[in-house]
Each structure stands twice: as C-alpha cells, then as structure tokens.
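# Structural description and commentary
Listed here are the chains, written in short residue letters.
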Amino acid sequence: MYQVLYRKWRPKAFADVVGQPQVTVTLKNELMAGRIAHAYLFTGSRGTGKTTCAKILAKAVNCLHPVDGDPCGECEICRGVDSGSVMDIVEIDAASNNGVDNIRSLREEANFTPAAAKYRVYIIDEVHMLSTGAFNALLKTLEEPPAHVIFILATTEVHKLPATILSRCQRFDFHRIAPEEIASRLTYVTEQEGAHIELQAALLIARLADGALRDALSLLDQCLGRSKDITVEVVNETAGLVGRDHLFELTDAMRESDSSRALELIDQLHNSSKDMARLCEELSSHFRNLMLIKTMKDARGMVVVSDAEYERLTKQALAIPLPAILHGLDTLQTALEKMYRGGNRRIEFEMAMLRLCSPELDSTQEALIRRIEALERGSVRVTPPRAKPVEQKAQATSTGTEPGPEEESETVPLPSEAEVPPERPTRNPAAALPKKEVDMLQEKAERLAEWPEILRVLRDYSRSIASAFNGSTAYVSGGYVLIDAPNEIAFRLLREPAQRDHMRRAIQQVTGRVYNLGPYKPVKTEQAGEDPLKRLAGLAQQEGIEVIQK
Ligand SMILES: Nc1ncnc2c1ncn2[C@@H]1O[C@H](COP(=O)(O)OP(=O)(O)O)[C@@H](O)[C@H]1O
Ligand SMILES: [Mg+2]
Ligand SMILES: [Zn+2]
C-alpha cells in the first residue's frame, strides 16, 4: 500500500528532526539527565514537528536502552509502540474528543499503572479545542498527576489555552523551518526514494511551504507523481504557478482604468469555470507580491514565483504607485470577505474590479483618504508650460487630482541645462541650506555605495549612457536614487524612456530594489533665500513634469 511521504518519513529519533534544536537538544539533555516532567506543551505552526516530537518523547521515556536521549528503536517497547502492541502511549485528538466526559474517563484510566511500559503517555493533539469543562477536568489531573503519567499537549493556538494549564506545563515552541533546512530534507528524502531534485526546485518547494515541512513533503509527493527528476519547471507546473497571465492582465486593466477590458476578462475566466473567490485570492496575492517588490530592498526571497515572473512583476510594480497597490489589496480583501459571508462571488468580484478601474466611482472612505493624502503630500501634477506655476498648483489642488497610474515612474524632475549650477558646490545639501528649506528628498539622501557597481552593470545595457555618467555619484532617499553627474548629457539621456529603463534595471539588478530616478542638485548657498516651491515649480514649468514637494 502506498504511504504518503510525510508519514513514511516521520523522524523516529530527535536527531532526525530538522530545524528545532531549541526543542530536540533540550529534551535530549533532560532525558539523559533523567529529568522528566509530567506535562509538556508543544506549540507552533502546523507541520513543524510537534506530533513527531511528542511520539519520539513518548518512546524515549519508555525505551529500555535509550541512546543519548533518543529511543533505540529496537527494544521490545520501541518495537511494541511501532506495531501497536504496547498500549501505554495514547494519542487523543482533542478536536473530536473535546468534551468533559472524554477527559474524565481519561483521568480514571490514568489511575491504573501502565501495562508494559514505565510511563503511560497521553498525547493530546489540538488541545486548544477542549471545552471549558474538559479543561477544568484536565487541570485537576495536572495538579496532582499520578507518578506514572505524562501528558504531552500539542497545539497551533496556544493563546486559546487557559493560563492555569499553561503554568503547569513545560513549554516548547516550534518554529517555522528555514527554507534551506526544508530543502535539504527534501533532497534527502528524494534521494532515498531513488529520485532526483534540483537544488533550486527544492528551495522553491520550501518557499511555497512557508516553513511547514509537512506541506513541503506533500508537494514533493505530487511532484514525484509527475517526474522522477524534479526541476523548477516540474514544481511550477505541479503547484500551479504557471498560466497566470490573467492576473497580469487584470492588473493592467486596473492600471489603465479599462473597466470594460476587466469585465471581459472576468467573463472569459468565468466561462472557463474559474472560481471567482479563488481568482480574487490569486489576484490579491499578486497584489501582495507587487507590494513586497515595491517596498522591500530585496523581495525575491518572499515572492514565490519563477525568475521570469519575478521580472514581469517587477516591471508591473514599477508602473503602479504604492497607494494604488495598497488600495487594490484592500478592495480585493473586502470583496473576499463578502464572498465568504455568502455574497454572490461573481458580482462581488466584478464590483471590486470596477471600483479599481474607475477611481471616481470609488466612494469608500479609504479612497477618499487616499485622495486627501495625495493632496497633503503635495504631489501635484503640473501640465506643460502653459499657465503660471503658482496658478497651476492651485488649480490642480482644487480639482483633487490624484496620482495617475503611470505617474510614479514618471515623477522624475530632471534638471534642464539652465538648472544645473555651473560650478559644483558642497555635496552636503544640509550644510548648504537652512534645514527647513532643504528639499525633503535631498535632506534624507544618503550616498549610494553600490553606484560604481551599478555603472558597471549599466555598461552591459548601453555603453554610451554608462560613459555619460563617468565621474558621477548617487544618493538614495526614500524611493529615489538621486544622481549627481558632472556631465549634462547624462541627464539629457535620462530623459529618454528607454535609457531610463536601462538605468532602473541596472539599479535594480545591483540593489535588488526598484527606484525612481531624480537629479541630485547641490544647491548653492546664495539660493538659500529663494522659495524652494517657486524654484521647483519653475523647474516643472520648463520640463512639463510633476513637482513633489513637502
Ligand atoms: N521538524 C521536522 N523534521 C523532520 N520532519 C518533519 C518536521 N516537521 C514535520 N515533519 C514532517 O511532517 C510530518 C508532519 O509533522 P507533524 O510532526 O505531524 O507536524 P505538526 O504536529 O507540528 O503539525 C512528519 O511526519 C514529518 O514527515
Ligand atoms: Mg500534529
Ligand atoms: Zn528502545
């Protein structure tokens, strides 16, 4: 009979349990020293080894010839437990035996000495499921435990246990297992099964499993059903990580405010039997990925997708402002909740997408707050050189202009030739100007140490642009890389979208993060009296681009 991998490969000794030394080493030492508690509590997320360790512990306390605190696996007790002939180790699933009567009969039974073993061990799994009455009955036993009884309580939700129970147990916390450790266990198991797995494939499974070795082994099992040579592609296909074009398309529809395209897509997916709640979940994890890429220095480890998809995600993240991503995530989550509360799935999803595609329809408080915040931040879109800058600002403010989808990647105030100061004054903007008047971004700017490396990478994309940046330095501030180049050609080149794209990619390749670009303009001391708003608005007028100013 076929036995699922995670059962077949349940560790039989503490030494085989991976990633939980705080539990296994401690328990082994205590067992070797003969220190045995009457009640243990194993807590932690699922699939991390709680039940496994409970079984090993139950055997270890009874084993006739323990080896360094581990059960020998060979004595009559060890073999008797495995075969089921030794009945002194009792596993109880509290989820289905949660009543006070269950615990009462357990208490009566516990009074009798064990039949074969030294200790009668009760493993109570999912102990948080016990009723209040059952907890009280259990507490009585824990208060005066018979000498030959040991309780091992296991739970994923320790916060649901009464403090009175907690205080009577020796507690062990199980952690999510690190991807590298999961991957190495997967490799071991695969080899024992006479198959092969690529390291990258093992790591991908590990990341998908999110710290749970049981889930990792289940996925490995499915992969082995597909192929004896597990590659990243095999994992991708098995885990359904491919064929997610529709998520990118739906997101693009939102970005382009194309509601009819979104509704068409939903219709197609619905006709091909796609479950709408599932779709909504997938889209919301897609948005989460965009959020991670947008905000983290290196999100690669947390975004579980293929390399090609990661690149695609990065591009999409670049094109959508963070508030829009967060709002999208929020709207989708709300739709999901409504679906699970019984709302019509298709209609809920359509309404959510419609809201995201047409911000003017969105009357939720979040959407309004988002608009107000946009105004307060003062990110103001200024249209090309027509009206006077100050009027433009007022106008944009009163119409409540919100950042458009493409805006974030384009909010790059690049200097015109006239803007670049003829000589190179001090590099420290804070020293050059009174603090309150220093442009917010420049104030927080920190030198970007990886800049030379970035320029080396840039050379592979485009030699000409790389040489234009000879002798330049760069600073990081918030989501911006601010460039200080002695050569004005550099900025002229950067005004071309294709070149800008090269630069962004090079930066991303080295820093692992997507940045917007801007000039680092060391400001001369004489300009100190000038109104920075005027200066920027003037700049915007020349350039026809937006002003971001606090
Ligand atoms: N730390 C671990 N080391 C080795 N295998 C593990 C570990 N955690 C889980 N497993 C594997 O997953 C299966 C289920 O683990 P289990 O101990 O039942 O998890 P839990 O009780 O914490 O939900 C085990 O049979 C084993 O194959
Ligand atoms: Mg368990
Ligand atoms: Zn033994």
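Residues numbered from 1 in each chain as written. Chains lettered and ligands numbered in written order. Predicted model: local features only at pLDDT ≥ 70, side-chain atom pairs only at ≥ 80, totals over all residues.

## Overview of the overall build of the protein chain
From N to C terminus, the protein chain includes 27 helices and 13 strands. For the protein chain, the proportion of its 550 residues judged to be buried stands at 37%. By sequence separation, contacts in the protein chain at least 24 residues apart represent 74% of the contacts at least 6 residues apart. (Helix = DSSP H or I, 4+ residues; strand = E, 2+ residues; numbered from the N terminus. Buried ≥ 20, exposed ≤ 12 C-beta atoms within 10 Å, placed from the backbone. Contact = placed C-beta atoms within 7 Å.)

## Points about the sheet that holds strand β3 (residues 120–125)
Here five strands make up an open sheet; going across it, the order is β2-β3-β4-β1-β5 and the pairing parallel. Of all strands in the sheet, those bounded by a partner on one side alone are β2 (89–93) and β5 (170–174). When the angles between neighbouring strand axes are averaged without regard to direction, this sheet yields 15 degrees. Pairing analysis gives five bridges linking strand β1 (residues 39–44) to strand β4 (residues 149–155), with the strands arranged parallel. (Pairing = 2+ DSSP bridges. Axes fitted to C-alpha atoms, helices over the stretch in contact; angles between N-to-C directions.)

## Concerning helix α15 (residues 307–319)
Taking 1.5 Å per residue as the helical rise, α15 with its 13 residues ought to reach 18 Å, and the 19 Å between its terminal C-alpha atoms agrees with that figure. Of all the positions in α15, only E309, L313, T314, Q316 and A317 are classed as buried. One side of α15 carries all its buried residues, which in axial view fall inside an arc of 170 degrees. The exposed residues of α15 that point more than 90 degrees off its buried face are D307 and A308. (Expected span 1.5 Å × (residues − 1). Arc of directions from axis to C-beta.)

## Remarks on the site of ligand 1
Close to ligand 1 lie 21 residues, the nearest being R10, G49, K50, T51 and T52. Mapped by element, the contributors of at least two residues to the shell around ligand 1 are α1 (5–8), α3 (50–62) and α10 (213–226). Taken together, the residues that form the shell around ligand 1 break down as eight nonpolar, seven polar and six charged. Formed jointly, the shell around ligand 1 draws a minimum of three residues from each of two domains, domain 1 (5–174) and domain 2 (179–238). (Near = placed C-beta within 6 Å. Nonpolar A, V, L, I, M, F, W, Y, C, P; charged D, E, K, R; others polar. Domains from an automatic or database assignment.)

## Quick look at the nonpolar core
Of all hydrophobic cores here, the largest spans 59 residues; its most connected members are C280, F349, M353, V481 and L482. Ranked by residues supplied to this core, first place goes to helix α14 (residues 276–295) with seven residues. A domain-level breakdown of this core finds at least three residues from each of domain 3 (245–374) and domain 4 (414–548). Apart from the residues lying within four places of it in its own chain, the contact partners of V481 are L448, A474, V476, I507, Y515 and L517. (Core = buried A, V, L, I, M, F, W, Y, C linked by C-beta atoms within 7 Å.)

## Observations regarding the confidence of the model for the protein chain
For residues with low pLDDT, the predicted coordinates do not support detailed interpretation. Across the protein chain, the average pLDDT comes to 81, with 80% of residues at or above 70. Ignoring residues within four places in sequence, the model shows residues 379–438, a span with pLDDT below 50, making 110 contacts including any to other chains. Here residues 539–550 scores under 50 on pLDDT; set against residues more than four positions off or in separate chains, the count is 37 contacts. (pLDDT = per-residue confidence, 0-100.)

## What about the environment of S131?
Along the chain, the position of S131 falls in the loop between β3 and α6 (132–143). A residue is classified by how many C-beta atoms lie within 10 Å of it, and S131, with 15 of them, is partly exposed. Residues S131 and N97 lie 34 residues apart in sequence; the distance between their C-alpha atoms is 9.5 Å.

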